[in-house]
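Overview (structure and organization)
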Amino acid sequence: MKINRRSFIKTAAASSAMAAAASLFPGISFAGWDQLEGASGMITWQKAPCRFCGTGCGVLVGVSGDRAVAVKGDPNCSVNKGLCCVKGYHSVQALYGKDRITKAKVRKNGAMVEVPIKEALDLIAAKISETIKAHGKDSVAMYGSGQWTIPDGYVASKLFKGCLGTNNVEANARLCMASAVTGFMTSFGIDEPMGCYEDIEHADVMVTWGNNMAEMHPVLFSRMLASRKRKKNVTIIDFATRTTRTSQAADKSILFKPNTDLAVANAICYEIIRNDWVNESFVNDHTTFHKGKTNIGYGTEDHFAFTDKPEDISFEEYKTFLKDYTPEKVEKISGVSAKDIKYLASLYGDPAKKVTSFWCMGMNQHVRGTWINNLVYNIHLLTGKISTPGNSPFSLTGQPSACGTVREVGTLTHKLPHGVVTNEQDRQLAAKIWDVPVTNIDPKPTYHTVEMFRALDRGDIRFMWIQVTNPMITMPNLTRYRNGALKDDRFVVVSDVYPTPTTEVADVILPAAMWIEQEGMFGNSERRTQHFDQIVPPPGEAMSDTWQIIEVARRLGFTKQFPWSEEEYIGKIWEEYRLFHDNPKHNMAPYTVLKERAGVQWPFVNGKETRWRFNPKYDPACKPGTDFDFYGKKDGKAWIWARPYEPAAESPDAEYNFWLNTGRVIEHWHTGSMTRRVPILHQAMPESYVEINPEDAMDLGVVNGEKVKIISRRGSVTMKASINGRGVPPRGMVFVPFFDESYKINEVTLDAFCPISKQPDYKKCAVRLEKA
Amino acid sequence: MMNRKNRIRSPQRGLSHAPSPAAGSFKKIFGSVMLVLTAGCISGIFMALPALAAPDIPPGFDSGGEKIFNRFTETPLAAMTGTDGTRNLNSFYELRQYPGSPPRIPHSVPFFFRDDTADCLACHGKGGYDARQNTYIPVTPHPENENCLQCHMPRRTDTLFVETDWQSISPPKLGRSQLGGSPPPIPHSLQLREDCIACHTGPGAVAEIRVEHASRGNCRQCHVPMVATEPLSTFQRNNEPGH
């Protein structure tokens, strides 16, 4: 322990007031933290985006010597205006868990042995070459993350797609954002929200669709509460499957049965049309109507494939389609009263009200995730409440750079930094910027995340490099994928900062630099790119993920494509990456601007950020003379989709009679590998639990804290019951936070996914309960 | 389904309320706990009376003068003097991870569902004496932030998941007047701590930093922020055009 209490007390005694305090109140220890020895007591403050969620709060990191010692909210950052959440305030403590991985490890005769990092990098490069030679280029894969910095994802894409010639670069954002992307692409032809967080202060009504923002996006939720308090006439509606902290703060909480949000969204549109609340001129000028395939499946079988076939329909045909979704019919499907459906429709339909919808995992982790995204856009398009301040369908992200690194850099197996691999022009642009032959870039997309881990299990993939993510907690139907990763002739490399269940399956562990131990950029939910400098040095031999990939690329002979020096590689990579987005729809800010500001929104055109897209008042990419221009589609018109209600992949039945829903809590972020090492967060939420409705608990005969076994067709977990705890599920549903590696709830969940986005549904499968 | 506005209109919000029909389980449990406590106190006082009175002397002589003594015995000294002094810089920093971090919640927060944040402000909005903990309640300097549990966490275990190597700087020193007797500067950032009166006055204030001249409302007339932990940059005059 580096604490030097003696010297501290001596210093303290120098101050008469402190001395008086110590003598007045003896026996009480001083500050709740160890004090830096020999520190000047001076702090310098440096800006960074927060490490955790997709909100992208600006933090100021206080540094003393070579250590981060404090945090405050960055008042210059428009996202959070100086306020953080408990995770942000204590984020720097996540750097200092005693079990940081500081040396590379390699599996030798079954045991992990520390080796110099150079040796580990040599081995990785050799394994990649060897595996490609023996099993073909698509047998090697990179599985990254929405916590990758933008340069991390960019060099991974360049190495695998440009140099090695396999599209096998996939990221965990498939598990959180894929439905948002396909929702945007099918409705607007271009990804990412049209609005920005300022919508919160402009909106009269905010509806959270299956989104417990009070815990998951607390800083934005505080902005909503502050706006309601200031303006008095603001209404917050919580539309969810479970009662949460957000429900408590909302003006009204409306519960629906799992998956029936599809029916309710259609019923809202039915009511909007029936009451003549349609913004006719907007709909005529800026939208077209379409339908796609129905009964589209759930993807639970290997090699599942699906391609939608859009067809044009008329407004009249759309109206006919909606006849199945009268509030009275939907009440029977959804459990939401016709009165509440009409109330929701009246809020969206009232021409005097500005309405913003927020959603995140509730709509994205959904076997019809793309559809429900489409359907909420329908509501905003029919009423013309879009792309203007306060009128915003707003898809939030859960990871700090799900937008920046995965969606913008395109680290998915069908994507390129600009466009898709199937498009020849996009391949040509990539080949030109990457300085590789265009024939290197394979026009055929490879595996989405679930199928990638199935391919690892089957042996189609033999080498996988996992960076900044913990799939051995987060994969649904986990047991199959862990057993697959552990098979004899699979080689798994894991770059991480702490030991996790994923490092346990690794053949090589690389020590990674974390967050502010490296320079990088994140991209948040509102198209904001946020740069951070290296603020403190990484421990031991830890190295940034970007530099790990560069080292391996050079060992594989790609020195021409990876020429940068360690002093300036981030800036050089950014300027090269920016070439992909050199147009008014996507333009990114130059490196020098990013360095100066607490985040810059793209499109960044003529030195200005774009706050609302598709609206010529704010967006210079729009055609002049229009009042809206949805330029993602060729004709400048957004698509309204007829999408039906279809049930979940697995619903409760006589044998498995409960829904299982999973998610997060405010204290822990994702799998807890960082937040559980922050004392205050672990001490506030030391372990996971299963939330049960009080009446179900009574039927089961369990009281608060007693153990319950949760059993599905795939596995079981036994954990403590939480009754009237943080959240309360309705009868027939249980909820489990997934952060705790001692209770791997994903061994119970189902790997069904949205056939369009391929994003799994972690919110719905069938389980039964036993008192344990 | 709940309606927030209905709940807020309930006159029985806060600490001392009885359970309202609209309130849920936490309020019911909490309310009944309070009722039991209150009932206990009241019966304590009245049961004491017959025991004290001598035989044949009816209770209530001298204008019921025993009440004074009984009340004096029943009322904790802290509640009468307005200074229990238990909140001091040591306990203040014990709740923090570094100077300026949001403090953790040092008392239990029911892990029931309805630990909603308006309940925090019932006590921490205006302060006052809390009989359960026999202490004065500190007042929040930022009551406008309603989502309290966004930043403040109770502790449910003393153990750690993994040992930590966390260290931070020492807290700022007090009483750093530039001249003998001159008003000391403010040694912390004003971010979220703009309201001097909330923390530096009243019985809930930290003993060492409680001011005795609170009646002079314009604090920053004499005290200016000197964020003592930040290095001073040297001022350079620049009269070049464009500056």
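A brief look at the structure comes next. (Residues numbered from 1 in each chain as written. Chains lettered and ligands numbered in written order. Predicted model: local features only at pLDDT ≥ 70, side-chain atom pairs only at ≥ 80, totals over all residues. Heavy atoms only, no water.)

Things to note about the overall build of chain A
In terms of helices and strands, chain A carries 27 helices and 30 strands. For chain A, restricting intrachain contacts to residue pairs at least 6 apart in sequence, the fraction spanning at least 24 positions comes to 73%. Carbon and sulfur atoms form 51% of the exposed surface of chain A, whose accessible area is close to 24,600 Å². (Helix = DSSP H or I, 4+ residues; strand = E, 2+ residues; numbered from the N terminus. Contact = heavy atoms within 4.5 Å. Areas by Shrake-Rupley, 256 points an atom, 1.4 Å probe, with all protein chains shown as cover.)

Remarks on unusual backbone geometry
All names here are of chain A. Across the junction of Trp-602 and Pro-603, the peptide omega takes the value -5 degrees, indicating a cis bond. Inspection of the secondary structure assignment puts Pro-603 in the loop between β21 (600–601) and β22 (604–605). At Lys-232, a residue that is not glycine, the phi angle is positive and equals roughly 70 degrees. The topology assignment puts Lys-232 in the loop between α9 (218–231) and β10 (235–240). Classification of Lys-232 by relative accessible area gives exposed; the value is 65%. The phi dihedral of Asn-295 is positive, around 50 degrees, even though this residue is not glycine. (Buried < 20%, exposed > 50% of the residue type's maximum accessible area, 1.4 Å probe, protein only.)

What about the sheet that holds strand β15 (residues 392–395) of chain A?
Residue and element names in this part refer to chain A. On the basis of which strands lie adjacent, the open sheet formed by five strands has the order β11-β10-β9-β14-β15 and parallel pairing. Strand pairing shows two members of the sheet lacking a second neighbour, β11 (252–255) and β15, which therefore form its edges. Strand after strand, the sheet turns through a mean of 15 degrees between neighbouring axes, direction not considered. When strand β14 (residues 355–359) meets β15, the two strands line up parallel, connected through four bridges. (Pairing = 2+ DSSP bridges. Axes fitted to C-alpha atoms, helices over the stretch in contact; angles between N-to-C directions.)

What about the environment of Gly-136 of chain A?
Considering the arrangement of structural elements, one finds Gly-136 of chain A in the loop between α4 (117–135) and β7 (140–144). The spatial distance from the C-alpha of Gly-136 of chain A to the C-alpha of Ile-461 of chain A is 9.4 Å, given a sequence separation of 325 residues.

Section: the packing of aromatic side chains
All names here are of chain A. Under the defined criterion, the tally for this structure stands at 39 aromatic pairs over all chains. Look at Phe-628 and Phe-630: their rings are 6.4 Å apart centre to centre, the planes differ by 10 degrees, and that puts the pair in the stacked class. By relative accessible area, which is 12% here, Phe-628 ends up buried. Directly above the ring of Tyr-96 sits Arg-67, whose terminal nitrogen or CZ lies 4.1 Å from the centroid. (Phe/Tyr/Trp six-rings, centres within 6.5 Å; stacked < 30°, edge-to-face > 60°. Lys NZ or Arg CZ within 6 Å of the ring centre and 35° of its normal.)

With respect to the packing of helix α5 (residues 150–164) of chain A against helix α23 (residues 545–555) of chain A
Residues and elements named next belong to chain A. The interhelical angle for the contact between α5 and α23, taken along N-to-C directions, is 20 degrees, at an axis separation of 8 Å. It follows from the interaxial angle that α5 and α23 lie roughly parallel. As α5 packs across α23, the resulting crossing turns out to be left-handed. For the pair α5 and α23, contact is made by Pro-151, Asp-152, Val-155, Ala-156 and Leu-159 and by Asp-545, Thr-546, Ile-549, Ile-550 and Ala-553, respectively. A breakdown of the residues in the contact of α5 with α23 according to their chemical character gives seven nonpolar, one polar and two charged. (Parallel < 35°, antiparallel > 145°, perpendicular 65-115°, else oblique. Left-handed = near helix turned anticlockwise from the far one by under 90°. Nonpolar A, V, L, I, M, F, W, Y, C, P; charged D, E, K, R; others polar.)

Quick look at the packing of α4 of chain A against α23 of chain A
All names here are of chain A. Where α4 meets α23, the axes come as close as 9 Å, and the angle between the chain directions of the two elements is 55 degrees. By the angle between their axes, α4 is oblique relative to α23. As for how α4 packs across α23, the hand of that crossing is right-handed. Where α4 abuts α23, its residues Lys-118, Leu-121, Asp-122, Ile-124, Ala-125 and Ile-128 lie against Gln-548, Glu-551, Val-552 and Arg-555.

Structural notes on the state of the cysteines
Put plainly, two cysteines are in a disulfide when a covalent bond ties their sulfur atoms together. By the definition in use, this model includes zero disulfides over all chains. The thiol sulfur of Cys-360 of chain A is not disulfide-bonded, and the nearest other cysteine sulfur, from Cys-176 of chain A, lies at 7.1 Å. (Disulfide = S-S within 2.5 Å.)

As for the pattern of salt bridges
Residues and elements named next belong to chain A. A full pass over the atoms with the stated rule returns 58 salt bridges over all chains. One salt bridge in this structure joins Glu-119 and Lys-108, with 3.2 Å as the shortest N-O distance. Pair noted here: Glu-119 is in helix α4 and Lys-108 is in strand β5 (residues 104–108), with a separation of eleven residues, a long-range link. The exposure class assigned to Glu-119 is partly exposed, which follows from its relative accessible area of 35%. One connected set of salt bridges, linked through shared partners, spans Asp-302, Glu-451, Arg-454, Asp-457, Arg-458, Asp-460, Arg-480, Lys-487 and Asp-751. (Salt bridge = Lys/Arg side-chain N within 4 Å of Asp/Glu carboxyl O.)

Quick word on the nonpolar core
Formed by 87 residues in total, the largest nonpolar core has its most connected members in Phe-188, Trp-209, Tyr-318 and Leu-382 of chain A. For this core, the element with the highest residue contribution is helix α11 (residues 261–274) of chain A, accounting for nine residues. Residues contacting Phe-188 of chain A, with those up to four places away along its chain left out, are Met-194, Tyr-377, Leu-381, Ile-386, Phe-614, Phe-630, Gly-632, Lys-633 and Ala-638 of chain A. The next biggest cluster of nonpolar side chains, apart from the first, holds 84 residues, and it includes Cys-57 and Met-213 of chain A together with Tyr-93 and Ile-209 of chain B. (Core = buried A, V, L, I, M, F, W, Y, C linked by side-chain atoms within 4.5 Å.)

Some details on empty space enclosed by the protein
All names here are of chain A. As enumerated under the stated definition, the model contains seven cavities of 30 Å³ or more in all. Computed from the structure, the second largest cavity encloses a volume of approximately 100 Å³. For the second largest cavity, the full set of lining residues is Cys-50, Phe-52, Cys-53, Thr-55, Gly-56, Cys-57, Cys-84, Cys-85, Lys-87, Gly-88, Pro-218 and Val-219. Those elements giving two or more residues to the lining of the second largest cavity turn out to be α3 (86–89) and α9. (1 Å grid on protein atoms, 1.4 Å probe; cavity = no way out; pocket = protein on both sides within 12 Å on 5 of 7 lines; lining within 4 Å. Points joined across faces, edges and corners; volume = space filled by probe spheres on them.)

A word on α11 of chain A
Every α-helical turn comprises 3.6 residues, leaving residues that sit three or four positions apart pointing alike. Residues and elements named next belong to chain A. Taking 1.5 Å of rise per residue, 14 residues should cover 20 Å, and α11 covers 20 Å from first to last C-alpha, within 8% of that figure. Where burial is concerned, most of α11 is hidden: twelve out of the 14 residues are buried. Buried within α11 are the following residues: Asp-261, Leu-262, Ala-263, Val-264, Ala-265, Asn-266, Ala-267, Ile-268, Cys-269, Glu-271, Ile-272 and Ile-273. Downstream of α11 by one or two residues, Asp-276 has phi in the positive range, about 60 degrees. (Expected span 1.5 Å × (residues − 1).)

What to know about helix α14 (residues 327–334) of chain A
Residue and element names in this part refer to chain A. Restricting attention to buried positions, one finds in α14 the residues Pro-327, Val-330 and Ser-334. Looking straight down α14, one finds that the buried residues subtend no more than 60 degrees of arc, so they occupy a single side. Summarising the contacts, the buried residues of α14 are in contact with α11 and α15 (338–349). Just downstream of α14 lies Gly-335, where phi reads positive at about 80 degrees. (Arc of directions from axis to C-beta.)

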